[in-house]
Amino acid sequence: MVIDKNQIQNYIPHRAPFVMVDNVLSCSSEKIETNFFISQDNVFVDNNQFQEFGMLENIAQSAAAGISLLNKNLKETPSEGFLGAITKLNLFAYCSANETITTTIYPLQQLGNLYLIKGEVFYNNNKLLECELKLAGI
Amino acid sequence: MKLHGEFYTLREVTEKENGFSAEIDLQKKHLIYEGHFPNQPVTPGVIQLKIVHELLEHFLKRKLQLVSMSHCKFLKAINPNLISSISLSVNLLESESELKVNAQSKYGNEILFKMSAVYHQKKTLPLEL
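Residues numbered from 1 in each chain as written. Chains lettered and ligands numbered in written order. Predicted model: local features only at pLDDT ≥ 70, side-chain atom pairs only at ≥ 80, totals over all residues. Heavy atoms only, no water.

Participant: Residue-level account of the overall build of chain B, with values.
Facilitator: The number of helices and strands found in chain B is two helices and six strands. Starting at the N terminus and ending at the C terminus, chain B contains elements arranged as β-β-α-α-β-β-β-β. Scaling as 2.2 N^0.38, a compact globule of 129 residues should have a C-alpha radius of gyration of about 14 Å, and chain B matches this with 15 Å. In terms of its C-alpha atoms, chain B occupies a principal-axis envelope of roughly 45 × 40 × 25 Å. Taking all 129 residues of chain B together, the buried fraction comes to 46%. Total accessible area on chain B stands at roughly 6,600 Å², and carbon and sulfur atoms take up 49% of it. Each charge class in chain B can be summarised by its mean position, and for the 16 positive and 14 negative side chains these summaries are 4 Å apart. (Helix = DSSP H or I, 4+ residues; strand = E, 2+ residues; numbered from the N terminus. Rg over C-alpha atoms; globule rule 2.2 N^0.38 Å. Buried < 20%, exposed > 50% of the residue type's maximum accessible area, 1.4 Å probe, protein only. Areas by Shrake-Rupley, 256 points an atom, 1.4 Å probe, with all protein chains shown as cover. Lys, Arg positive; Asp, Glu negative; His and termini not counted. Charge placed at Lys NZ, Arg CZ, Asp CG, Glu CD.)

Below you can see the structure in the form of structure tokens.
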């Protein structure tokens, strides 16, 4: 593990109840892996299902935490990133609350502080959602 | 968490050819802004998509399931203290198997976001694991 959930808030500006990533498991410029336990009181749990909006936010925050670590820009208050665009999104399945998802991020392109990343969310080796995101200002 | 009535209120929904338009008012205070971000509220992009989903279900009076989104672009960060009312314009194209949605939101003449997505009726796909 490269970032523990107790330290994650040093790498992303999000705070409760809008923190959607726990641990960064591995991190390189090619691939970032994270996990996240979905608590029952998560704002994106509806009818006991973790909604796609939460999975999207999880991908964005996973990328932000990993990129922040790679750039070593550990700050008191990490800069507020901005979700610029979503493309190529496919939703395959949901998982329920009280389960842990794992997320893989592939950084594809960087232009200054603009990043294009591909993200995939898994539960028990089943892919739940995939998409590409443009993130700015990490 | 349902956003309607808590995060925003719906002022008006108007049916139009091939879809509808809606006027919503954002609440300045909500639990979500405590974390996004402390002392600097920004309406999360994913929350804007959830609002569109709720409005679609409200207008069509049935549960919908997102299948895919070819693109979605957020053009302006929304500070709810500065931008309180949003106009949404939604175009629908329904076939037997799917519902194609093109949505755009505006504050005055300024475009906030636009998106294209495909939905199914909730009972079909995807299945819960």
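Here the narrative resumes.
Participant: Give me the lowdown on the side chain of Thr34(A), citing residues and values where you can.
Facilitator: Residues and elements named next belong to chain A. Of note, Thr-34 is situated in strand E2 (residues 32–37). The exposure class of Thr-34 is buried, given its relative accessible area of 0%. Only 2.8 Å separates the side chain of Thr-34 from the side chain of Ser-62, close enough to count as a polar contact. For Thr-34, the contacting residues outside a window of four places in its chain are Val-21, Asn-23, Val-24, Leu-25, Ser-62, Ile-101, Thr-102 and Thr-103. (Polar contact = N/O pair within 3.5 Å; in protein donor to acceptor, adjacent residues only side chain to side chain. Contact = heavy atoms within 4.5 Å.)

Participant: Run through the nonpolar core, naming residues and quoting values.
Facilitator: Ranked by size, the top nonpolar core spans 82 residues in total, and within it Ile86(A), Leu133(A), Leu49(B) and Met115(B) carry the most contacts. With residues near it in sequence (within four places) discarded, Met115(B) still touches Leu49(B), Val52(B), Met69(B), His71(B), Cys72(B), Val101(B), Asn102(B) and Ala103(B). (Core = buried A, V, L, I, M, F, W, Y, C linked by side-chain atoms within 4.5 Å.)

Participant: Please give an account of the sheet that holds strand E3 (residues 64–74) of chain B that cites residues and values.
Facilitator: Reading across from one edge, E1(A)-E2(A)-E6(A)-E7(A)-E8(A)-E5(A)-E3(B)-E6(B)-E5(B)-E4(B)-E2(B)-E1(B) is the order of the 12 strands in this open sheet, with antiparallel pairing throughout. Every interior strand has two partners, whereas the edge strands, strand E1 (23–27) of chain A together with strand E1 (8–16) of chain B, have only one. Going across the sheet, the axis of each strand differs from the next one's by a mean of 25 degrees, ignoring polarity. Here helix H1 (residues 52–70) of chain A sits on the sheet in contact with E1, E2, strand E5 (82–91), strand E6 (100–111), strand E7 (114–123) and strand E8 (126–136) of chain A together with E3 of chain B, set at roughly 55 degrees to E8(A). Its contacts with the sheet put helix H2 (residues 45–60) of chain B on E5 of chain A together with E1, strand E2 (19–26), E3, strand E4 (85–94), strand E5 (99–107) and strand E6 (110–121) of chain B, and the angle it makes with E3(B) is roughly 135 degrees. (Pairing = 2+ DSSP bridges. Axes fitted to C-alpha atoms, helices over the stretch in contact; angles between N-to-C directions.)

Participant: Summarise unusual backbone geometry; cite the residues concerned and give the values.
Facilitator: The omega angle of the peptide bond from Ala16(A) to Pro17(A) is 0 degrees, so this bond is cis rather than trans. Here Pro17(A) lies in the segment before E1. Cis geometry marks the peptide bond from His36(B) to Phe37(B), where omega comes out at -5 degrees. Backbone geometry places Asn48(A), a non-glycine residue, at a positive phi of 70 degrees. Here Asn48(A) lies in the loop between strand E3 (45–46) and strand E4 (49–50). The backbone phi angle of Asn39(B) is positive, close to 65 degrees, even though this residue is not glycine. In this structure, Asn39(B) sits in the loop between helix H1 (31–35) and H2.

Participant: Go over the pairing of E5(B) with me, naming the residues and quoting the values.
Facilitator: Residues and elements named next belong to chain B. With eight bridges connecting them, E4 and E5 associate as antiparallel partners. Looking at E5, one finds that Ser-87 is bridged to Lys-106. In sequence, E4 turns back onto E5 through a hairpin of four residues.

Participant: Can you break down the environment of Leu108(A) residue by residue, with the values?
Facilitator: All names here are of chain A. Mapped onto the secondary structure, Leu-108 falls in strand E6. A sequence separation of 26 residues divides Leu-108 from Phe-82, and the C-alpha atoms of the two residues are 17 Å apart. Contact partners of Leu-108, with chain neighbours within four places excluded, come to Leu-116, Ile-117, Lys-118 and Glu-132.

Participant: How would you sum up H2(B)? Please name residues and give values.
Facilitator: All names here are of chain B. In this model H2 runs 23 Å from its N-terminal to its C-terminal C-alpha over 16 residues, within 8% of the 22 Å that 1.5 Å per residue would give. Of all 16 residues in H2, 14 are buried, a share of seventy percent or more. Directly after H2, the chain includes Lys-61, whose backbone phi takes a positive value near 55 degrees. (Expected span 1.5 Å × (residues − 1).)

Participant: How would you summarise the packing of H1(A) against H2(B) if you had to cite specific residues and measurements?
Facilitator: Contact geometry of H1(A) with H2(B) gives a least axis separation of 9 Å together with a crossing angle of 165 degrees. Taken together, the axes of H1(A) and H2(B) lie roughly antiparallel to each other. Here H1(A) and H2(B) pass one another in a crossing that is right-handed. For the pair H1(A) and H2(B), contact is made by Glu52(A), Phe53(A), Leu56(A) and Glu57(A) and by Val46(B), Leu49(B), Lys50(B) and His53(B), respectively. (Parallel < 35°, antiparallel > 145°, perpendicular 65-115°, else oblique. Left-handed = near helix turned anticlockwise from the far one by under 90°.)

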